[in-house]
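# A closer look at the structure
One-letter residues, chain by chain:
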Amino acid sequence: MPLPLSSPLSASLFPLPPFPPPSFPLRLPSPTQTLLVSIRRPSSPLLSSISTARFSRRSRRRISCCSPVPASMEESSHSQEFLSHARAHWVVRYLISWNVADDDNLVYLYASRKANLFLSDKGIEGYDLKIQLEAEHCGLPVNVTQKFPHLMGYKAFKLPQSTDVRNLLKCQLAVASLCVDGKCKNSTGLQLPGVLDDMFSYSGPLGPVFSKEAVALHLWAPTAQDVSACFYEDPSGGDPLEHVKLEELNGVWSVVGPRNWEARYYVYEVSVYHPSTSRIEMCAANDPYARGLSSDGKRTWLVDLDSEKLKPANWDELADEKPCLLSFSDISIYELHIRDFSASDSTVDPNFKGGYLAFTSQDSAGIHHLKKMSNAGLTHVHLLPTFHFGGVDDNKDNWKYLDEVAMAKLPPDSDKQQAEITAIQDEDGYNWGYNPVLWGIPKGSYASNPNGPARILEFRKMIQALNRIGLRVVLDVVYSHLYANGPSNENSVLDKIVPGYFLRSNADGGIEHSTCMNNTASEHFMAERLILDDLIHWVVDYKVDGFRFDLMGHMMKSTMVKAKSVLQSLSKGEHGVDGSKIYIYGEGWDFGEVANNKRGINASQCNICGTGIGSFNDRIRDAILGGSPFGHPLQQGFATGLSLEPNGYDHGDESVTNCMLSTSADHIQVGLAANLRDFIITCHTGKAMKGSEVLTHDGTPVGYGLCPTETVNYVSAHDNETLFDIISLKTPVELSVNDRCRMNLLASSIVALSQGIPFFHAGDEILRSKSLDRDSYNSGDWFNRLDFSYESNNWGVGLPPREKNERSWPMIRPRLANPSFKPKKLHMLAALDNFVDLLKVRYSSPLFRLRTANDIQERVRFHNTGPSWVPGAIVMSIEDGHDGKPAMTQLDPIYSYIVVVFNASPSEVSIEIPALMWRALELHPVQLKSADEVVKKSTYLAASGRFTVPPRTTAVFVEARGISA
C-alpha cells in the first residue's frame, strides 16, 4: 500500500490530460451472442451524454442535495418502493450473485441512467437497458466467497463479456426473475462493492496534492455521473468564487489548479444515484481526504500540512525528542478525554480550558499530575476521539451552559441535575466523540478557533508538550462506524460520494448498525485504503505514537495486520518518524454481523493473536469486579467482596459463591500471565490447564494471547462506571469509605503488576466518580468532572442521566444520599500516592514487563492454588536467571526473585508456601517508604515460607541479588 503524499510533488508525476466524456452509447453484444439485450429510448435517453447539474450560485448556505430528476413523482415513489431492498450483489466485473429461489425463470439486469425504473403490472419499466443474465452453474468462484463468505450458497449469473460495465455502474440498477410469460416474479436492487473493488481498486494519489506551482485534487467516485469542486473565499456564507469541473479516469475524478487555490475552502458537488432515495442526487460533500476544515465541517479547507506556518518551533525534530521506549512490553496507558483534562482546572488559562493548548500549560494542576505519573513510569496517554466528530458545535459561542452554583446546592441524590444536563446535552461542549464525520482532521471544538490553522497548529503543540513531559500519545480512532449516511445529512461524507460502498450492508441492502450506527466495511478495498492512509497521516503529519481502535472486532484482521505493517515500516529518514515504536490495540469484541467470521476473518480477540496487536482483556476485568457490564450491577468479584463480604445479592449458596471466587482467581492468574493461550496454571480443581482451556461461564477461552503485548489488562475505561463507582455499587452498603479505597487500590494493583500492557482510566488513581453514571458519553462536564486539585472526586452530584441509568436509580439513590460513601481530599491524595507507588514498583524491575511468552512461561508461577487454597489470596512469583539456573538468562541487575501477594480478603491472610522457603525476600523498598502504613505490616518468614499480608492489600516482596536468607 503506497504511503500518502504529504510532501510537495511535481504535477508531472500525475499527469492529468483532458479526459473524454464517458463512452456512450453502451457497447452492445455482438450479433452472434444469443443473450437478449433490448434498448428503450425515453425522453432523456441513456444514450445521451452526462448532464452537468450544478448548485445555484445564489445559494448562501451549504446545500446537501438538489432536486432529483425522476420522470415523475409517481414514478419516483414507485421506484423507491420497488427498490427498497438490494438483495443481489454485483461481485466481479461479469458476475452477479443472488439467492433467488427461482430455478427455471429468466433473470435480467435493468439499468436507468436517470433512475426511472418502476414496477407495474407489465413488469419493470422505465429502463434504458435490459440484459438477460446466464446462470453460472458452477456457482460463485472461490475468490468471491473468500472475500464475501456471507454470500456462500448464493447463485451466480453471468453478464455478456461485451457489457459496458463502467457506465452501467453509474445507473440505477435492478435484477428481476421473469416467468416464461414475462411476468416479474422477483426483483431487487444490487449491492456494488464487489464489482467496484474488482474494477476500480486504486493506489494513486487521493485528496489534495501540492506541488511548487500547482494543486491537484483527486476524488475516488466511480459511480458518480458528474463531479465539480465549488470554491469559496470564506469558511461559511458568501457566493462561490468558481465552480471547477473534475474529469474522470478509471473512477478517479481529478483536476489541476493554480497554487493560489491554497487556503481556499471548497466542497465537492457529486451527481450520483443514491439507493436510499432511488434517485439521482446532487450531493455536497467534503473531501474524504481533507486535511483542513471550516467550523462544523461546512467546507474543506485546502491546506498544505508541510507549510512551516503550521509547525511549532522544532516540530521537525520531535522524532528525536520522543520519550525512550525500548520495548512494547514497557508500555503503560492512561486513558484521557481532552475536555475532562482541563475543563474544571482553575490553574489553566481560561482560553485554553477544555482544549489542545491546556496540555501546553506546564504549571497547571493537570500537567503536574501527569508529570508525577510520568516520573513514576507511565509511558502513554490515550486521548479519546480527537478527529472531527458530530454532536458538539465547533463554535463555542453557540454552546449552552449550566448554572453550576445552583446545581451544587441540589441534594446528592436529586434527579434535577440530570434533567438540567440532558436538556442541553446536544448543545453544550461535551461528547466523548464516537460520532465520526471526517477521520483525518483535528476536532475544531478543542481549538481556539475552528477555522483556519489553529486546530492543526494547536494539536501539534499538544503532542509536542506531552512528549516533552515523557508521555507518548495514543489516538482513539473510530473506523468501525460513521455518524451519518444518506445524500442530505450534513454529517454524511463517504455515503454521498460512493453510496453503498463504505458502509456495510445487510442481506437486504440496508445499513448494518450493530456498532450503534452506520457500520463501515474495511473488507472493501478503498475503505481499507482510506483507513490505512488516515493512520499514516496521523503518524507522519502529527507524529502520534499509537492507536486504539474502537470496536476493532468489526474490522477485518487483514486490515489490522496491514495497518501494523505499514505503520512500523515508517522511518525517521524518509518520513520523520520511527514507526517501529508505534503500538496499536483495540476492542476485539466479536458480535453483530461480523461474529464468527461471517464477513471474513475479523479482528476479534481470538483471531488477532499472533499479530502483536493488543486487545482489551475483559476476562480479568470481570473476574476482578464481578459479573459484566451487561449483568446485574450487584454481582461481585474477587476485589469487590465475592463470597467473603456478601452484599445481599443472591449469588447462590456458599458452595456456589466459593466456587465463583476460586474460578475468578483462576481467570485473574491467567490475566496476570498476560492472558497467554498456552500458559499453564493449576486451577481451583487442582488440574493443570492451559489458559485457553480455562473457560468463562459461556465457554469462551480465558487465555487467547500468544505474546504479552497482545493483552491490554484493565478494570475500568471510559465505558461503564468508574472503578470507584463500581466498587461503591457492588460492595455492602455498610462498608467504610476507607475499605472501598483499599479495594480501589487492590483492583488497580492487579492491573499494574500484570504481564502485558496495563491500562488505566483517567481519575481511577484519585477515586474518580461520575455519580454512578454507567455511560457518560453525553453527560456533560458536570458528571464527567475530573478534579486535579483533589478537592472532590465528583461523587454525589445527582442521579446520573435517566436514559442509561433509570433502572438502577433505586440502587443508586440511597448510596448517593449516604455521606459515608464520599471520599475526602485525604483519601484522594492517599490513593494517588499509592497508585504512583504501584507504577514505581512496576518500573523497578523488568521482571514485571517480560517480553516473550516463553519468558513468562519460564519465570512466572502461582502458588496457593488448587482445592486447598486460602480464599481471596493470589500469590505470584517471578524468577530471574541466576547461577543455579544457567538456562535462564538474567534480566534484572537488582532483583533475582519477586513475590506478589494480592489479598482481597477483609481479614489478614497468613500463607505458608514451602516452595518459597529460605528466600531472602523483603518488602519492596517503594512499599517500605510508602505513606500507606497498612502495607508496611506485610511480612515474610524465610524458615517457613510464610507470607502475612493485611486485608485488601497487595504486598510485593523482592530478593536483592547477592543476598541470601
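In case you missed it, the structure is sitting above this.
Now for a description of the structure that goes with this document. Small disclaimer: the values here were computed from a predicted structure and weren't measured.

When you go through the chain residue by residue, the secondary structure sums to 25 helices and 40 strands. Over its C-alpha trace the chain gives a radius of gyration of 31 Å, about what one expects of a compact globule, namely 30 Å for 965 residues. For the C-alpha atoms alone, the extent of the chain along its principal axes is close to 100 × 60 × 60 Å. The burial tally for the chain puts 62% of its 965 residues in the buried class. In the chain, of all internal contacts separated by at least 6 residues, the share reaching a separation of at least 24 is 74%. Split by element, the accessible area of the chain, about 35,000 Å² in all, is 52% carbon and sulfur.

Attention now goes to the packing of helix α18 (residues 723-730) against helix α19 (residues 737-752). For the pair α18 and α19, interaxial distance at closest approach is 10 Å and the crossing angle is 125°. Our classification of the angle between α18 and α19 gives oblique. Note that α18 runs across α19; the crossing there is right-handed. Between α18 and α19, the residues in contact are Leu723, Phe724, Ile727 and Ser728 and Val737, Arg740, Met743, Asn744, Ala747 and Ser748, respectively.

Taking burial as the measure, the seven residues of strand β19 (residues 279-285) include six buried ones, the bulk of the element. Across seven bridges, the pairing between strand β18 (residues 265-274) and β19 is antiparallel. In the strand pairing of β19, Glu269 is matched with Ala284.

The residue Glu528 is located in helix α12 (residues 525-542) in this model. Judged by relative accessible area, which is 5%, Glu528 ranks as buried. For the pair Glu528 and Asn186, spaced 342 residues apart in sequence, the C-alpha to C-alpha distance is 34 Å. In contact with Glu528, other than residues within four places in its own chain, are Ser522, Ser558, Thr559 and Lys562.

A few words on the side chain of His89. Along the chain, His89 turns up in strand β2 (residues 88-92). The contacts of His89, once residues within four sequence positions are left out, are Leu95, Ile96, Ser97, His150, Leu151, Tyr154 and Gln191.

This brings us to α12. With 18 residues, α12 extends 25 Å between its outermost C-alpha atoms, agreeing within 8% with the 26 Å of an ideal straight helix rising 1.5 Å per residue. The buried count for α12 comes to 17 of 18 residues, which makes it a mostly enclosed element. Just past α12, the residue Lys543 takes up positive phi, approximately 55°.

What follows covers the nonpolar core. A general trend in soluble globular proteins is that nonpolar side chains are found buried together. Judged by nonpolar contacts, the single largest core of 219 residues is most densely connected at Trp90, Leu109, Trp220 and Phe547. The contacts of Trp220, once residues within four sequence positions are left out, are Leu196, Phe200, Tyr202, Leu206, Gly251, Val252, Ile497, Val498, Tyr501, Phe502 and Met526. With 18 residues, the next largest nonpolar core counts Val909, Ile911, Phe947 and Val949 among its residues.

Here the focus is the sheet that holds strand β35 (residues 895-903). Strand order in the open sheet made by the five strands is β33-β34-β35-β40-β37, with antiparallel pairing throughout. Looking at the sheet topology across the chains shown, the edges are occupied by β33 (860-863) and β37 (921-923). Adjacent strand axes in the sheet meet at a mean angle of 25° when their direction is disregarded. Examined bridge by bridge, β33 and strand β34 (residues 873-879) share four bridges and lie antiparallel to one another. By the bridge assignment for β34, Arg861 is matched with Ser877.

Here we take up helix α9 (residues 416-424). Every buried residue of α9 is listed here: Gln417, Gln418, Ile421 and Ile424. Across the axial projection of α9, the buried residues extend over an arc of 140°, all falling on one side. Structural note: α9 exposes Lys416 and Ala423 on the side pointing more than 90 degrees away from its buried face. The elements touched by buried residues of α9 are α8 (404-408), α20 (780-784), α21 (802-805) and α22 (809-817).

Strand order in the open sheet formed by four strands is β12-β13-β17-β16, with antiparallel pairing between adjacent strands. Bordering the open sheet on either side are β12 (207-210) and β16 (247-249), each of which pairs with just one other strand. Taken pair by pair, the neighbouring strands of this sheet meet at an average axis angle of 30°, ignoring direction. Relative to strand β17 (residues 252-258), strand β13 (residues 214-220) runs antiparallel, the two sharing seven bridges. Paired with Ala214 across the strands is Pro258, a residue of β17.

Moving on, we come to the pattern of salt bridges. Charged atoms that come close allow side chains of opposite charge to pair. If you walk through the whole model with that rule in mind, you get 49 salt bridges. The shortest N-O distance in the salt bridge between Asp316 and Lys311 comes to 3.2 Å. Of the charged contacts, one joins Arg339 and Asp781 as a salt bridge, the two residues approaching to 2.8 Å between their closest N and O atoms. Taken as a pair, Arg339 in helix α6 (residues 338-342) and Asp781 in helix α20 lie far apart in primary sequence, 442 residues in all. Residue classification places Arg339 among the buried positions, given a relative accessible area of 10%. Given the relative accessible area of 22%, Asp781 is considered partly exposed. Shared partners join several salt bridges into a network, and the residues in it are Asp306, Glu308, Lys311 and Asp316.

What follows covers the environment of Asp104. By the element assignment, Asp104 lies in the loop between β3 (95-98) and β4 (106-112). Residue Asp104 is classed as exposed on the basis of its relative accessible area, which comes to 72%. Sequence separation of Asp104 and Ile421 is 317 residues, and the distance between their C-alpha atoms is 62 Å.

What follows deals with the packing of helix α16 (residues 618-625) against helix α17 (residues 654-672). Across the interface, α16 lies against α17 with an axial gap of 8 Å and an inter-helix angle of 140°. The orientation of α16 relative to α17 falls into the category oblique. Crossing angle aside, the handedness with which α16 passes α17 is left-handed. Contacts from Ile620, Ala623 and Ile624 in α16 reach Ser664, His667, Ile668, Gly671 and Leu672 in α17.

Here we come to unusual backbone geometry. Excluding glycine, residues mostly carry a negative phi; peptide bonds, for their part, are mostly trans. For Asn675, which is not glycine, the phi dihedral falls at a positive 55°. The residue Asn675 is located in the loop between α17 and β29 (680-682) in this model.

Turning to the pairing of strand β10 (residues 184-188), a few remarks are in order. Here strand β9 (residues 172-178) pairs with β10 via four bridges, running antiparallel. Directly across from Leu178, in β10, lies its bridge partner Cys184. In sequence, β9 turns back onto β10 through a hairpin of five residues, with Gly182 there showing a positive phi of about 90°.

Tallying each qualifying case throughout the model produces 35 aromatic pairs. Aromatic pair Phe341 and Phe359: ring centres 4.3 Å apart, planes at 5°, arrangement stacked. Of this pair, Phe341 sits in helix α6 while Phe359 sits in the loop between α6 and α7 (365-376), and the two are 18 residues apart along the sequence. For the residue pair Phe341 and Phe359, the accessibility class agrees, reading buried in each case. Geometrically, the ring pair formed by Phe724 and Trp795 is edge-to-face, given 6.0 Å between the ring centres and 85° between the ring planes. With a gap of 71 residues between them, Phe724 in helix α18 and Trp795 in the loop between α20 and α21 connect regions that are remote in the sequence. There is no split in this pair, since Phe724 and Trp795 are both buried. Pairwise contacts between aromatic rings join Tyr356, Phe387, Phe389, Tyr446, Phe459, Trp538 and Tyr542 into one cluster.

The next thing to look at is the side chain of Asp837. Assignment of secondary structure puts Asp837 in helix α23 (residues 825-842). One buried charged residue, Asp837, remains without a salt bridge, the closest side chain of opposite sign being Lys840 at 4.6 Å. Among the polar contacts made by the side chain of Asp837, one reaches the side chain of Ser930 at a distance of 3.1 Å. Here Asp837 is in contact with Val926 and Ser930, once residues within four sequence places are set aside.

Rules of the game
Residues numbered from 1 in each chain as written. Predicted model: local features only at pLDDT ≥ 70, side-chain atom pairs only at ≥ 80, totals over all residues. Heavy atoms only, no water. Helix = DSSP H or I, 4+ residues; strand = E, 2+ residues; numbered from the N terminus. Rg over C-alpha atoms; globule rule 2.2 N^0.38 Å. Buried < 20%, exposed > 50% of the residue type's maximum accessible area, 1.4 Å probe, protein only. Contact = heavy atoms within 4.5 Å. Areas by Shrake-Rupley, 256 points an atom, 1.4 Å probe, with all protein chains shown as cover. Axes fitted to C-alpha atoms, helices over the stretch in contact; angles between N-to-C directions. Parallel < 35°, antiparallel > 145°, perpendicular 65-115°, else oblique. Left-handed = near helix turned anticlockwise from the far one by under 90°. Pairing = 2+ DSSP bridges. Expected span 1.5 Å × (residues − 1). Core = buried A, V, L, I, M, F, W, Y, C linked by side-chain atoms within 4.5 Å. Arc of directions from axis to C-beta. Salt bridge = Lys/Arg side-chain N within 4 Å of Asp/Glu carboxyl O. Phe/Tyr/Trp six-rings, centres within 6.5 Å; stacked < 30°, edge-to-face > 60°. Lys, Arg positive; Asp, Glu negative; His and termini not counted. Polar contact = N/O pair within 3.5 Å; in protein donor to acceptor, adjacent residues only side chain to side chain.

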